[in-house]
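# Survey of secondary and tertiary structure
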Amino acid sequence: MCGILGTVSSLPLTGPPEALHLGAIRHRGPDAQASVQVGSARLGHARLSIIDLAAGAQPMSDVHGLATIVFNGEIYNHRELHDELQARGQRFATRSDTEVIVAAYLAWGVAGFARLRGMFAAAVYDHRDGSTVLARDPFGIKPLFWARSADGSLGFASELGALFTLPGLRAELDYTSVLDTLTYRHTFGLHTLYAGVQRLEPGTALVVAPRASSAIHVQFSSVTEEVERAVAGQAGAVHTGRSATTDDVRGRVRDSVERHTLADVPLGCFLSGGLDSSVVASLLAQPGGETVNAYSVGFEGASSERSELPYAELVAKHLGLRLHPVTVGARDFRELAPQLSGSLNGPFSEPADIAMLKLAQRAAQDVKVVLSGEGGDEAFAGYPKYAADAFSSTLGPALSLGQRWLGRRNRLGIAADALSQPDRTARWMRWFANNDAPDSLVSGLLLAGAHPDRARQWVGDRVARYPAGWDDMQRMQVLDLEAWLPNNLLHRGDYTTMQASIEQRVPLLDRELTPWAVALPRQIKVRRMKGKAPLRDAFAHALPREVLDRPKSGFRLPLGEWMTTDPQLSAMTRDLLLSPQAQVRALMDARQLETLLSPATLAQSGGAKLAWTVLNLELWLLAVRAQGVPA
């Protein structure tokens, strides 16, 4: 895991390649930082050494000097590709996955990126024609942002904040993206929080001509294509019962986890005690192998039903893991929120992000790599919404009446709100939405120029392109894989772990596993309204019954309690949001701000989360103002 930063200049380059401000991404790669000037491009890299520690330094060129690369991520099939390319006559100077990417690009062009099994964000300078090619993995596990400067140069970076260190960047606040982040908890497609700054979409390459005279998007892979290929492959298969599917699931998951352990440094795992992270942990804990370090979160003052620790302790004892509990409290929210949200990288307003950052900081004391269970819900239909959505046509009319009373105060209210929508695009967007966002803040963003229909248009266009032969569960899963996962969960996971200089790997999100799992028939994935049935069956022998039977549970912490009972956290919140200089006051009614911070509102789980969202929005807006980004 690393960080990349660079430019393709429209003007003759002057000064040394060290002109790149690699300090902005040093936390992503504290082991070494280096840059190179090639043609009209400057390529910079910050390295977290994990594979080929002695010879894997970047920027790196192939042995013939035809291409130079900087790259963030890991390629898990690089040994097979190495052998294939070597048989074609390609020579190698290292055993690193970085050099294999260069060789694959030289052999197959942009299509070579589709051959990679792993996570990556890369920039390749082609000495043959002077072009620079940016590329991002098909699941969007690793982030990559780019923008134009006033003189037409093009800059790119692993993080938004680092992009702003490049001179002359043209960017201003995108109020539509701010509204989407407030309402849907993430932006959509190529949009970021800044107009003029784009996110390179998953499975896409950006081919930049010399002197940045043009930039052309080329899609080399997509989740939709991979799932459709898997559906076609399963069309002739007969699912004869649980045993055949169970064996397939077990084999595919085991293969992915084994590949994700590829490293020349110590690794461990995040363990919530849920099914997905426990499955990953069970495959790491091999009999006779080294004891695996596992890291779990507990909460100060949290009742037992809120805490994940009892389940994590049960799994750790069952598998023989060395468990490291990490306790999170109000003090962590006071101290870490400014670190996460008080920069141009954007507001990180999910309360779980604070816990993830502290967990990563603890893990970094022992290991450089952690495996986690992200992607399991999307691959195996684990979210309750996947099973519930089938009842929208029969229950929707009744729920539309009940929703007026229920609101979105609890899971039943959220389900009623979503299922009452007859239009499936609107319904699918509402499951994870913050539809109780403060009215005056929404109005303020609309008055500032936000377009409320942009997100729905993106989702509607995406869903319309899904093959007619898919069922709605598969459509929902793929939509989450293309929107929710890369723009929310994976984005947050990358940023929080990289802040602690540690690499997070997600073996349940894999080219050979995920599309195949999505393509499984609905009746295989869901049993008695409970998702992930084949995953439970495949690992029933390896995990405690309490974990297998545990219902899907979100990351619940006593945030409202802390915000009302911790004097310092309460004071920080009120000082930031009720100050006459508060940036959010330009968008939100002061009386509604007061109401948002009242004990009665904070006592509701949804109310506390909204207050935390607005607090982190304020921290980000303060950073935006301090850096002089136009509003």
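Going by the structure above, here's the rest.
Everything numeric in this text was worked out from a predicted model, so none of it was measured.

## Structural notes on helix α17 (residues 454-464)
Among the residues of α17, those classed as buried are A455, W458, V459, R462 and V463. Mapping the buried residues of α17 onto a view down its axis gives an arc of 125°, with all of them on the same face. Where α17 is buried, its residues contact α4 (175-184), α15 (424-430) and α18 (472-499).

## A few points about the nonpolar core
Counting 80 residues, the largest nonpolar core has Y194, F333, L441, L445, V584, W612 and W620 as the members making the most contacts within it. Among the elements that line this core, the one with the most residues is helix α27 (residues 605-626), at eleven residues. Leave out the neighbours within four places in its chain, and V584 touches L441, L577, L593, V614, L617, E618 and L621. A285, A312, L321 and A542 belong to the second largest nonpolar core, which has 42 residues in total.

## Brief notes about the packing of α4 against helix α16 (residues 439-447)
Angle between the axes and distance between the axes: these two values describe a pair of packed helices. The contact between α4 and α16 brings their axes to 9 Å, and the two run at 160°. When the axis of α4 is compared with that of α16, the two are roughly antiparallel. Along this stretch, α4 crosses α16, giving a crossing that reads as left-handed. Listed contacts from α16 to Y175, V178, L179 and L182 of α4 are L441, V442, L445 and L446.

## Remarks on the environment of A285
In this fold, A285 is placed in the loop between α7 (275-284) and β16 (293-299). For A285, a relative accessible area of 19% translates into the label buried. The spatial distance from the C-alpha of A285 to the C-alpha of W458 is 42 Å, given a sequence separation of 173 residues. Sequence-distant contacts of A285, that is, excluding residues within four places in its chain, are made with V292, L319 and L321.

## Here's the deal with the pattern of salt bridges
Across all of its chains, the model carries 37 salt bridges by this definition. A salt bridge links D510 to R117; the shortest N-O distance between them is 2.8 Å. Note that D510 is positioned in the loop between β19 (503-505) and α19 (514-519) and R117 in the loop between α2 (97-108) and β6 (118-126), a separation of 393 residues in sequence. There is no split in this pair, since D510 and R117 are both buried. One network of salt bridges, with partners in common, ties together E80, R117, D255, R259 and D510.

## Focus: empty space enclosed by the protein
Rolling a probe over the atoms, with the probe sized like a water molecule, indicates the empty space that remains. All told, the structure shown has eight cavities of 30 Å³ or more when counted by the stated rule. A volume near 290 Å³ is recorded for the largest cavity. T181, R185, H186, P347 and H491 are, among the 24 residues lining the largest cavity, the residues nearest its centre. Elements with a contribution of two residues or more to the lining of the largest cavity: α4, α18 and α27.

## Comments concerning the pairing of β6
Counting buried residues in β6 gives nine out of nine residues, a clear majority hidden from the surface. Neither face of β6 is left uncovered, since the one carrying G118, F120, A122, V124 and D126 and the one carrying M119, A121, A123 and Y125 both have all their residues buried. The pairing of strand β5 (residues 67-75) with β6 spans nine bridges and is antiparallel. Residue pairing in the sheet places A67 in a bridge with D126 of β6. Strand direction decides the pairing type here: β6 and strand β7 (residues 132-136), joined by five bridges, are antiparallel. Residue pairing across strands places A122 opposite A135, the latter belonging to β7. Here β6 hands over to β7 after five residues, with G130 in that stretch at a positive phi of 80°.

What counts, and where the lines are drawn
- Residues numbered from 1 in each chain as written.
- Predicted model: local features only at pLDDT ≥ 70, side-chain atom pairs only at ≥ 80, totals over all residues.
- Heavy atoms only, no water.
- Buried < 20%, exposed > 50% of the residue type's maximum accessible area, 1.4 Å probe, protein only.
- Helix = DSSP H or I, 4+ residues; strand = E, 2+ residues; numbered from the N terminus.
- Arc of directions from axis to C-beta.
- Contact = heavy atoms within 4.5 Å.
- Core = buried A, V, L, I, M, F, W, Y, C linked by side-chain atoms within 4.5 Å.
- Axes fitted to C-alpha atoms, helices over the stretch in contact; angles between N-to-C directions.
- Parallel < 35°, antiparallel > 145°, perpendicular 65-115°, else oblique.
- Left-handed = near helix turned anticlockwise from the far one by under 90°.
- Salt bridge = Lys/Arg side-chain N within 4 Å of Asp/Glu carboxyl O.
- 1 Å grid on protein atoms, 1.4 Å probe; cavity = no way out; pocket = protein on both sides within 12 Å on 5 of 7 lines; lining within 4 Å.
- Points joined across faces, edges and corners; volume = space filled by probe spheres on them.
- Pairing = 2+ DSSP bridges.

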